[in-house]
Amino acid sequence: MLKPFLAIITLALTPLAHSDELQVIEVAPNTYSIVGPLTDRSPENFGNNATFGFVVSDQGVLLIDSGGSWKGAEKIEAAIKTVTGKPVIKVINTGGQDHRWFGNDYFAQQGAELISSSTTQADQKAREAQQVQRITNLIGDSYQGTQPTYANTLLDSESTLTMGDRSVQFIPVGHTHTPGENFVWLPELSVLYTGDTVFIDRMLGVAPQSQHLTWIEAFEVIESLNPKVIVPGHGAPTTLEKAKADTLDYLRFLREQVGELIE
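Rules of the game
Residues numbered from 1 in each chain as written. Predicted model: local features only at pLDDT ≥ 70, side-chain atom pairs only at ≥ 80, totals over all residues. Heavy atoms only, no water. Helix = DSSP H or I, 4+ residues; strand = E, 2+ residues; numbered from the N terminus. Buried < 20%, exposed > 50% of the residue type's maximum accessible area, 1.4 Å probe, protein only. Lys, Arg positive; Asp, Glu negative; His and termini not counted. Salt bridge = Lys/Arg side-chain N within 4 Å of Asp/Glu carboxyl O. Pairing = 2+ DSSP bridges. Axes fitted to C-alpha atoms, helices over the stretch in contact; angles between N-to-C directions. Contact = heavy atoms within 4.5 Å. 1 Å grid on protein atoms, 1.4 Å probe; cavity = no way out; pocket = protein on both sides within 12 Å on 5 of 7 lines; lining within 4 Å. Points joined across faces, edges and corners; volume = space filled by probe spheres on them. Nonpolar A, V, L, I, M, F, W, Y, C, P; charged D, E, K, R; others polar. Right-handed = clockwise from strand over helix to strand, strands pointing away.

(A) Main features of the side chain of Asp105. With respect to the helices and strands, Asp105 occurs in helix 4 (residues 104-108). The buried charged residue Asp105 lacks any salt bridge, with Lys71 as its nearest oppositely charged partner at 14 Å.

(B) Seen up close, the sheet that holds strand 8 (residues 159-163). Strands sit in the order 8-9-10-11-12 across an open sheet of five strands; the sheet is mixed. Every interior strand has two partners, whereas the edge strands, strand 8 and strand 12 (229-234), have only one. Adjacent strand axes in the sheet meet at a mean angle of 30° when their direction is disregarded. Here strand 11 (residues 191-199) runs beside strand 12; their pairing, made up of five bridges, is parallel. Residue pairing across strands places Gly195 opposite Pro232, the latter belonging to strand 12. Along the sheet, helix 6 (residues 212-225) makes contact with strand 9 (166-174), strand 10 (181-186), strand 11 and strand 12, crossing strand 11 at roughly 165°.

(C) Spatial organisation of empty space enclosed by the protein. Taken as a whole and judged by the stated rule, the model has two cavities of 30 Å³ or more. Of the pockets and cavities examined, the largest cavity occupies roughly 50 Å³. Residue lining of the largest cavity: Thr51, Phe52, Gly53, Ile64, Asp65, Arg100, Tyr193, Thr194, Gly195, Val231, Pro232 and Gly233, and that is the complete set. In terms of residue class, the lining of the largest cavity is built from five nonpolar, five polar and two charged. Together, Leu62, Leu161, Met163, Arg166, Ser167 and Val168 line the second largest cavity. At the level of elements, strand 8 and strand 9 are the ones that each hand at least two residues to the lining of the second largest cavity. For the lining of the second largest cavity, the element with the most residues is strand 9, which contributes three residues.

(D) Representation of the pairing of strand 6 (residues 113-116) within the structure. With three bridges joining them, strand 5 (residues 88-92) and strand 6 adopt parallel strand pairing. By the bridge assignment for strand 6, Val91 is matched with Leu114. Where strand 6 and strand 7 (residues 153-154) come together, two bridges link them in parallel fashion. Looking across to strand 7, one finds that Ser116 is bridged to Leu154. Chirality of the crossover, the property in question, places the unit of strand 6, helix 5 (residues 118-139) and strand 7 among those that are right-handed.

(E) Just the sheet that holds strand 6, in detail. With mixed pairing, seven strands are arranged side by side in an open sheet as 1-2-3-4-5-6-7. The open sheet has two edge strands with one neighbour each: strand 1 (23-28) and strand 7. Here strand 4 (residues 61-64) runs beside strand 5; their pairing, made up of four bridges, is parallel. Bridge pairing in strand 5 links Leu62 to Lys90.

(F) Fine view of the layout of surface pockets. The space that makes up the largest pocket amounts to roughly 360 Å³. What lines the largest pocket is a set of 20 residues, among which Arg41, Gln97, Arg134, Ala207 and Gln209 lie closest to the centre. Residue assignment for the lining of the largest pocket shows that the elements contributing at least two residues are helix 3 (98-101), helix 5 and strand 11. Counting residues per element, the lining of the largest pocket draws most heavily on helix 5, which supplies four residues. Grouping the constituent residues of the lining of the largest pocket by class yields three nonpolar, 10 polar and seven charged.

(G) Examining the pattern of salt bridges more closely. For the structure on display, the rule yields nine salt bridges. Glu113 is the partner of Lys90 in a salt bridge, and the nearest nitrogen-oxygen pair spans 2.6 Å. Highlighted residues: Lys90 in strand 5 and Glu113 in strand 6, separated in sequence by 23 residues. In this structure Lys90 comes out as buried when scored by relative accessible area, which is 17%. Because the salt bridges share partners, they merge into one network encompassing Asp40, Arg41 and Asp98.

As structure tokens, this is what we get:
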């Protein structure tokens, strides 16, 4: 049932790939992705050029990544409110890139718990000034009101987070696109939020802070979970097969081809 559903939503997203609007897609009951544009950060998208997610429980909402700015977080909250009026009570940062955590302050001021790993937070601190300079250059006045804020709960091993009738597994996966990437896994629904370890339908972001060898190794974790649905860090919800084709195969290609050039 899931594969045809995913094929339909992927086709539906194709004409909107460069839209600045956030698109909410239900990937399982009360379990959602929020798909941002595949373009770069801009004043129009408030730094939300990524894919986010949320899980609705009887107690409130667990948000996966908080957006690229205060105004970006407002847009994410507005997207959530198209589905539920329940408040965001927990926010997980899956990585150190700006659009994973620059919206933290917006939700923290509403009382949300901010969750990540110490490795993720160390990366956020190390690259904060650089990322602030970059995003302000890209989105201009849309950055106003943003105050980068670190998580107040740090988890450094696989942990279960429970909110009333829902629970998720937090899985630190290590150095991929950034030094401290984390997964959010819902085993009963076979849904995996990968953050920036998976890119779909766009060029893979291999940057100075990335580590391609351990990135490839992180796919062993994904394959061991064998998810039916992957919510990537960029692009539409997808399958394991598509995630491997767009991210893993490309990383292997880079290592092989660049290795040959080096030799």
